[in-house]
Each structure stands twice: as structure tokens, then as C-alpha cells.
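If you want the building blocks of each chain, they are given just below.
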Amino acid sequence: MEQHALPQRPANRLAREKSPYLLQHAHNPVDWHAWGEEAFAKARREDRPLFVSIGYSTCHWCHVMERESFEDPAIAALLNEQFVPVKVDREERPDVDEIYMAFVQSLTGQGGWPLNVWLTPERKPFYGGTYFPPADRHGRPGFAAVLGAIAAAYRERRSDIQNAAGEYAAALTQLATLPSARAALGAEILDAGYAQLVRLHDDRRGGFGRAPKFPRADFGALCLRTFHRTGDATALAIACRTLDAMAAGGIYDHLGGGFARYSTDGEWLVPHFEKMLYDNAQLAFHYLEAYQLTRQPRYARVARETLDYVLRDMTDPTGGFHSAQDADSEGEEGRFYLWDLAEVERLLPTDIAPLLIDHYGLTAQGNFEGRNILHRATTTEQLAGSRGLPVADVEARLQRGREILRAARSGRVRPHRDDKVLTAWNGLMIHALARGASVLEEARYLSAATRAADFVVGTLRTPSGLLRRYRDGEAAIPAASEEYACLVRGLLELYQAGFDLRYARAAIELHREMMERFADPADGALFTTPTGQADVIVRVKTGYDGATPTANSLAAANSITLFELTGEDAYAAQAERILSAFSAVLSEQPLSLATMLLALDAWLSERVQLVLAGDALDPRTGALVAAARSGFHPGLTISLAPAADVGDAAAALLSPVQGKHPQPGGAPAAYVCRGFVCRRPAHDPQAMAQDLGLTRATGGV
């Protein structure tokens, strides 16, 4: 069961909202407003600054600050008397979060959540920070003291604050511009980005940089593409070392599948236990690509377990996918995932317990606050060798042990689940499931991706534009460019997995709508928000790929895929304009736009179009798709020339399928094309795979 805090006070106006994060604060004594004109008008009318607190429902330190400060009657009174308090769910309003995060990072040199900023009634920022303790502690100023000082300054030094806010707001306009300089879009940019990754790589423990360590699927994907492009064995080794270390560490849920947000240490052992949909979507896709390249079953297993976790624990009855699971349960971080040695010994049969205890490194002392985080401390091969048992026998016992512990864990109080369905993150998950359907030959993944796409397109796409969020029967909040780009990405992959023309058509229409609403005519780059959005003080052109990829990076990649699928030069021109607009950033700071580096790699590399002619439901067509995905080729696109009645519509939409026909008698044919010039059709899956030039790593990885 999931935990829900019982209301202790009458509800404030946040009780009207749908956001789980805002609803968590609906019984605070703080007189919260949601972000919007009601709050702005009150600030203007009463001449008070806005206090804006931004977070999300599975944020551990957001919970801490709520308990310590927002539940405190004295602090709440100060907020209510001197400010107009506003709560923002950053997952519903990433555009608002992005602006004020940039401000706080420039002011303090760091950022994070909760993000707390003070604004003039015109929404111009003049002070901010992240977590504030209620009183001075550990070098951090106390929240009550900060509130008092800001309130006094606003009364007594108004002109200073107005001047500073004006300067800060003017500086934020830089978020709307890109460097005017242009750099050549050459392979040297890719080489420079990879060289930076080599320097950042932890040779002993995998990953990039020091603690805390974040799982960066885009960094690993760049390594896989570097190996594909250059044959550099070090690039493959870096990617595999990191994939193996993450899958062995405590950041991975060895019982239920899926990854936590990040590791607090350099060993991947102690996670920040929250699970985010966007992480698991991107990591599942990364493990799938690693499996395509290496054919190592361990990567297929992690991908499958991660996708299964999402289908089991994160799927809405509508078919969409929920956003996140909290780190906390019963008021403790990680409680749901931790184990006592005695508890494990009591639950497991005597022929299983010693193996599982050694395999996952359990001790009486524990490795996290007196209890144990499961992590793979030894391999099944080592266990089997030390005990003189067959490897298959050890694996079977470990599997049975995991099932017993998972069943026992299911009776615990579950962490809170943020059950809103976000268009962007669902697009990323559809992308991963569709590739999983092809690579793992799992029809249930295609079914889940199809159901999610039908829900998102059917419910969150409206005549007035795409919407960002669905929850509790309500679809709301106009989409930013991110939603369009992520959904298009998922739909393009879904078309290539199942060849339902509806998804190719929807992708084309949404991509066109996105470019019309968000692209700057001057340079082709995308703003986060459309023209005329009144509640943000600046339109941002995002140039940083972080936990999720930017709309610009995905738009460049999607444009390339659309060019390959349709043969329309306009898409190639769009991709080149976006890449060129960010070329100076790519040249000077390549890893800041790691996903755009992947798009640049696609732009510079050989592109291969595979056109299958036949029935999508014919098992022989499925065998051709599986063969095409049996190796690694990031520049491959797949389309289908179906039966005559549908074939005309496909040919009108996707010109490369024109003139492609099955074999006499209806058996599917495979046309391998380069630069839209096609070879004679192949019929044998292995011969077709050889023609495609798929990369497969050889030797130990």
C-alpha cells in the first residue's frame, strides 16, 4: 500500500490543484497560491514580494523543508504577512523552474530543489537559494531569519531591490539568445566531447565525475557511437564498465528492477532512492543499445527488468505512465528497500539464504544506517566456483530468493507515487518500450507503447495544441517545446517497431506544429515557450542536456529521422539550422549538449534506410525487423511498404516506400538503401543484416 499523510489543518487553496506536489502542501498553515495571475495580482495590489517555492512530490529535501518550515506556525505567519507565497511543481512548470534555477545558479553557484526565490510583483527575481533550515545550521542561514531580513529590506531599501531585480531580469534575457559565432559541424566536435568523457571517466568504479554520481545515458550513448564510428575499444570499455557498475550497485533495484535517481557516493552503492520515469526510460534504451552492440545477455536482462518495473509499478489505468516514486516511506529515506540480515535469514530457505547473502553483500552491521542496501558483491560464477555448484543451479536459487524477498517487500508501506502522466516523459518511455519490443522480440512492450501513445495522443493532444499533464481525469497546462520533441521521438520509434502509419503521421504533424510555435525564424533554434505566453519573464532557448534532453537536441535528431523516413529536404534543413545555431556551444562545451552530439553524429555518419515490403503482422516481417535490430547501427531507419490499400497512404507520407513490393506470393522483401539508393531486395534475414553493416563487438566486454 502507499502512504498518504492525513490532513491536520483546514485546506488552503492548493486543495483545488491536481499536482501531487501542490496537494502535499494543501494543509500547510502557509497561505499558498498556485503560480498564476491570482498570485501576481495580489502581490501588485498589496505591494508585497512573491515568495516562490519550487519542487516536486518525490523530492526528499522538499519534504524536509515542509516539515521543518512550512508546517511551522510562526514561519507560516511570517510568510503570510510579508509575502505572497507561491508553490510550483517543477514537473508541471519546467519553464518557470528553468528561469529561476538559472537565476539561483548565477547568484549562488549552485542549484537544486527545493528551489526558493523571492520576486517583485512583476516576477523579477532579487534573492534565492535552495534548502533553508528553519534556524541557522551547518553554515546555512535559517529560513526565519532570511524571511525577516528580506521583508525588512523590501520595506526599507525598495529602490535597491528594484534596481537589483531589474539587473537580474536583464541578465536573464541572455537565456533567449545564442552566440552569434558559428563553428564547423565536423567530427572534431564529436572527438572533443569523447575526449572530455575519457577525462571524466572513473576507471575503477565507472561513471563520470565524482560523488554524487548520476546515471548519464547520453554520455554512455556517445561512447557507443564513438566505438561504432571509430572502432576505439576504449570507448566501448568505458560504456560497458559504467553499465556494469550501475547494474551491480545499490542504485539498481535488484528485486523490482529500475534505477534510482543517483548515487550519493562514488561506488554506486548508496542511492537517493527516488525513481524517476525519465531516468528509467533513458537507461532502458541505453542498455538495449548496449545489448544490440555486444549481445551480452546481462544488458538485455537489465533492460527487460527496468521495462517490466515500469509496466508493473508505474502504469496508469489509462495506459500512460506515472512520473516518479518517492525516496521516503514511513518518514524514512529508503526504508522500503532496506534489509536486516536476520530478516533475510528468516525469510529464505537454508539452501538459498547463504548464496543470496554473499551475492548481495549483506552483513549484520549493514551498509546504510545499520541496514543493508542490496548490491551485487560477487558474481554467480564466483559463487558457483566457491561452492562447487553449477552456475545454472546458483542462478535458479538466487532467482527464487529474489522472488521471496520481493513478495515480502510488497507487504511494506510503499513510497508515495506521483501519478501524474507527463507528455514529455511518456514520450521517452514509449521510445524505450518500442525499441525493447524490436530488440527483445517482446510483443507486450509494443502493446504497452501503443496503449500509452494512444492515450497521450488521444487525450493530451487538442485542437489548440498539445497539453503537458494528465491527472485525475484532467488534461491541462499548454505544452512547452520539450513535450512536442519527446513525444515525436517516441512516436517515430513506435512507428519503426510496429509500422502503424498513424504514429508516423502524428509525429509529422506534431513536429510541424512544434516548429511553427517554438522555432526562432532568425536561427531555427527552439524556444521553450511559445510566442505570447504571459506568465514567464523571458523566452528561453535551452542549451543544456541534463537529466532530460533539451527540445533542441531532440528536434535536431527527430528532423534527421524524419528526413530519412520521408525523403523531404526541409527536415534536413531544419536539423542543420539547429545544429548550426548551437555549433559554438558544441565546439566550446560539447558535453553540455551531449544529446545534441548524438544528433551531430547522426548528421555526419552514414544513414541507412531499410524498407520492408510486406504485411506488418507476418512473422517473416517480424524476423526481418529482429535481424535489423540484432546489431548496432544508430543511423538506421526502418519503414514498411504495406498492402496496396494502405500502401498508397504510406507512399504519400513516406516517399522511400514508393515502388517497393513484396515477393511474388506475398513473402516480405527487404530493401537496403543508402542515400535513398536501394540495392536489390533481400529475403533472408541474415543476408539483409549483413547488407545493413551492423556493428557487433567481438571479444570480452
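Look a little higher up for the structure.
Right, let's walk through the structure included here. Everything numeric in this text was worked out from a predicted model, so none of it was measured.

Conventions adopted
Positions within a chain are numbered from 1, following the residues in the order the chain's sequence is written. For this predicted model, a pLDDT threshold of at least 70 governs which residues receive local features, and a threshold of 80 or more governs which side-chain atom pairs are given and counted, while totals over whole chains, interfaces and linings are taken from all residues. Hydrogens are left out, water is left out, and the side-chain values use all remaining heavy atoms of the structure. We call two strands paired when DSSP finds no fewer than two bridges between them. Under the DSSP-based scheme used, a helix requires at least four consecutive residues in state H or I and a strand at least two consecutive residues in state E, with every element numbered from the N terminus. Contacts between residues were defined by any pair of non-hydrogen atoms, one from each residue, lying within 4.5 Å. Orientation is described by lines fitted to C-alpha atoms, with helices fitted over the stretch in contact, and by angles between N-to-C directions that extend from 0 to 180 degrees. Aromatic contacts are taken between Phe, Tyr and Trp rings whose centres are within 6.5 Å, Trp giving its six-membered ring; a plane angle under 30 degrees counts as stacked, one over 60 as edge-to-face, and the others as tilted. Relative accessibility under 20% of the residue-type maximum defines a buried residue, over 50% an exposed one, and the middle range a partly exposed one, all with a 1.4 Å probe and only protein chains included. Only lysine NZ and arginine CZ atoms are considered, and such an atom sits over a ring when it is within 6 Å of the ring centre and within 35 degrees of the ring normal. We call two directions roughly parallel when the angle between them is under 35 degrees, roughly antiparallel when it is over 145, roughly perpendicular when it lies between 65 and 115, and oblique otherwise. Throughout, a crossing is termed right-handed when the near helix is turned clockwise from the far one, and left-handed when it is turned anticlockwise from it by less than a right angle. Any residue outside Ala, Val, Leu, Ile, Met, Phe, Trp, Tyr, Cys, Pro, Asp, Glu, Lys and Arg is labelled polar, Gly included; the first ten of those are nonpolar and the last four are charged. For cavity detection a 1 Å grid was placed over the protein atoms alone, and a set of points counts as a cavity when a 1.4 Å probe fits there but cannot get out; an open set counts as a pocket when protein lies on both sides within 12 Å along at least five of seven lines, with lining residues being those that have an atom within 4 Å of a point. Grid points are joined across faces, edges and corners, and a volume is the space filled by probe spheres set on the points.

1. Comments concerning the sheet that holds strand S19 (residues 677-678)
Pairing in this open sheet of 4 strands is mixed, and the strands run S17-S16-S18-S19 from one edge to the other. On the outer flanks of this sheet lie strand S17 (636-641) and S19, each paired with one strand and no other. Each of strand S16 (608-613), S17 and strand S18 (669-674) is contacted by helix H25 (residues 619-628), which is oriented at about 165 degrees to S16, the strand it contacts most.

2. Some words on the packing of aromatic side chains
Under the criterion given, the structure shown has 29 aromatic pairs. Ring geometry for Phe259 and Tyr287: centres 5.6 Å apart, planes at 25 degrees, overall stacked. Of this pair, Phe259 sits in the loop between helix H10 (233-248) and strand S6 (262-263) while Tyr287 sits in helix H11 (residues 277-294), and the two are 28 residues apart along the sequence. Among the residues examined, Phe259 registers a relative accessible area of 0% and is labelled buried. One aromatic cluster is present, formed by Trp32, Phe51, Phe70, Trp118, Tyr127, Phe132 and Phe143 through successive ring pairs. Residue placement shows Lys87 over the ring face of Trp32; its charged tip is 5.2 Å from the ring centre. Positioned over the ring face of Tyr309 is Lys275, at 4.0 Å from the centre of the ring.

3. Considerations on the packing of helix H8 (residues 187-200) against helix H9 (residues 217-230)
Between H8 and H9, the shortest axis-to-axis distance is 10 Å and the interhelical angle comes to 125 degrees. Taken together, the axis directions place H8 and H9 in an arrangement best described as oblique. At the point where H8 passes H9, the crossing takes the left-handed sense. Here H8 contributes Ala187, Leu190, Asp191, Gly193, Tyr194 and Leu197 to the contact with H9, which in turn contributes Phe219, Leu222, Cys223, Thr226 and Arg229. Each residue belonging to the contact of H8 with H9 can be placed in one class, and the counts come to 7 nonpolar, 2 polar and 2 charged.

4. Examining empty space enclosed by the protein
As enumerated under the stated definition, the model contains 3 cavities of 30 Å³ or more in all. Counted as a void, the largest cavity has a volume near 670 Å³. Around the largest cavity sit 38 residues that line it, and Arg225, Phe285, Glu289, His431 and Arg489 are the ones nearest its centre. Of the residues forming the lining of the largest cavity, the biggest block, 6 residues, is contributed by H11. In terms of residue class, the lining of the largest cavity is made up of 15 nonpolar, 13 polar and 10 charged. Of the volumes computed, that of the second largest cavity is approximately 130 Å³. For the lining of the second largest cavity, the class distribution of residues is 10 nonpolar, 2 polar and 3 charged.

5. So, the packing of helix H19 (residues 481-498) against helix H21 (residues 551-566)
Where H19 meets H21, the closest approach of the two axes is 9 Å, and the angle between their N-to-C directions is 35 degrees. For the element pair H19 and H21, the recorded crossing hand is left-handed. Contacts between H19 and H21 involve Ser481, Glu482, Ala485, Cys486, Val488, Arg489, Leu492, Tyr495 and Gln496 on the former and, on the latter, Ala551, Leu554, Ala555, Asn558, Thr561, Leu562 and Leu565. Looking at the contact of H19 with H21 residue by residue, the class counts come to 10 nonpolar, 4 polar and 2 charged.

By themselves, these figures tell us nothing about what the structure is for.
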